[in-house]
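Coordinates in review
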Amino acid sequence: MNRRKTREVAMRLLFEMSINKESYEEILNNFKENTDMDLHDVDFSYVENIIKGINENLELIDKKIESNLKNWKLNRLSKIDLCILRISTYEIVFNEDVPNKVAVNEGIELAKKYSTDNSPSFINGVLGSMIQE
């Protein structure tokens, strides 16, 4: 299984949830049925674990992110950056199997691929502050 690709799928689904306001179960089923992406090395149980975990702990995760933002508010973040921060924060706070440095690095890599030029350093700053708490 490819964890990076798995996180990428989770980020795409979280982003879709933020736009379509559908449940994670609906989003996950629609994705499995309708994607043209090669999914043979995606760990769907981990994708579901991430999305369900974020959904169930959203308030705590968002508070953790917001407490580490410097001169920013959660509602000012791009939806992509917020999804990336939520995944990384979930892994830092709730998943002991993923080292904090890995969660931060994977968040930075997602930001490099999907967000603006400034996002990787922004994501790094927020998550770096979080793991130093």
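If you're wondering where the values come from, they're calculated on a predicted model, not measured in any experiment.

Each value, and the rule that gives it
- Residues numbered from 1 in each chain as written.
- Predicted model: local features only at pLDDT ≥ 70, side-chain atom pairs only at ≥ 80, totals over all residues.
- Heavy atoms only, no water.
- Helix = DSSP H or I, 4+ residues; strand = E, 2+ residues; numbered from the N terminus.
- Rg over C-alpha atoms; globule rule 2.2 N^0.38 Å.
- Buried < 20%, exposed > 50% of the residue type's maximum accessible area, 1.4 Å probe, protein only.
- Contact = heavy atoms within 4.5 Å.
- Salt bridge = Lys/Arg side-chain N within 4 Å of Asp/Glu carboxyl O.
- Polar contact = N/O pair within 3.5 Å; in protein donor to acceptor, adjacent residues only side chain to side chain.
- UniProt positions renumbered as here; feature names shortened; annotations may be inferred.
- Core = buried A, V, L, I, M, F, W, Y, C linked by side-chain atoms within 4.5 Å.

Counting its secondary structure elements, the chain contains seven helices and zero strands. Along the chain direction, N to C, the helices and strands of the chain fall in the order α-α-α-α-α-α-α. The C-alpha radius of gyration computed for the chain amounts to 14 Å, which stays within 12% of the reference 14 Å derived for 133 residues, consistent with globular compactness. In terms of its C-alpha atoms, the chain occupies a principal-axis envelope of roughly 40 × 30 × 30 Å. Expressed as a percentage of its 133 residues, the buried residues of the chain come to 48%. Restricting to contacts in the chain with at least 6 residues of sequence separation, those with at least 24 account for 73%.

Let's shift gears to unusual backbone geometry. For Asn-71, which is not a glycine, the phi torsion comes out positive at approximately 60°. Topologically, Asn-71 is positioned in the loop between α4 (58-66) and α5 (79-94). Note on Asn-71: relative accessible area 76%, which makes it exposed.

Moving on: the side chain of Glu-8. On the secondary structure map, Glu-8 appears in helix α1 (residues 3-20). Judged by its relative accessible area of 8%, Glu-8 is buried. Every residue in contact with Glu-8, bar those within four places of it in the chain, is listed here: Met-37, Leu-110, Lys-113 and Tyr-114.

Below, the discussion takes up the pattern of salt bridges. Tallying each qualifying case throughout the model produces 10 salt bridges. Here Arg-86 ties to Asp-62 by a salt bridge, and the two come within 2.8 Å at their closest N and O atoms. With Arg-86 in helix α5 and Asp-62 in helix α4, the pair connects residues that are 24 residues apart, well separated along the chain. Asp-62 shares its class with Arg-86; the two are buried. Salt bridges linked by common partners bring Arg-4, Arg-7, Glu-91 and Glu-106 together as one network.

Attention shifts here to the side chain of Asn-68. Within the element layout of this structure, Asn-68 appears in the loop between α4 and α5. For Asn-68, a relative accessible area of 3% translates into the label buried. One polar contact links the side chain of Asn-68 to the main-chain amide nitrogen of Met-130, over a distance of 3.4 Å. In this structure Asn-68 touches Val-126, Ser-129, Met-130 and Glu-133, once residues within four positions along its chain are discounted.

The residues that UniProt annotates with the feature "domain: NusB/RsmB/TIM44" (unreviewed entry) are residues 4-131. As annotated, residues 4-131 comprises 73% helix and 0% strand, and the C-alpha atoms at either end are separated by 20 Å.

Turning our attention to the nonpolar core. Counting 43 residues, the largest nonpolar core has Val-9, Leu-13, Phe-44, Val-47, Ile-65 and Leu-85 as the members making the most contacts within it. Elements represented by at least two residues in this core include exactly α1, α2 (24-34), α3 (44-56), α4, α5, α6 (100-114) and α7 (119-132). Top element by residues in this core is α5. It accounts for eight residues.

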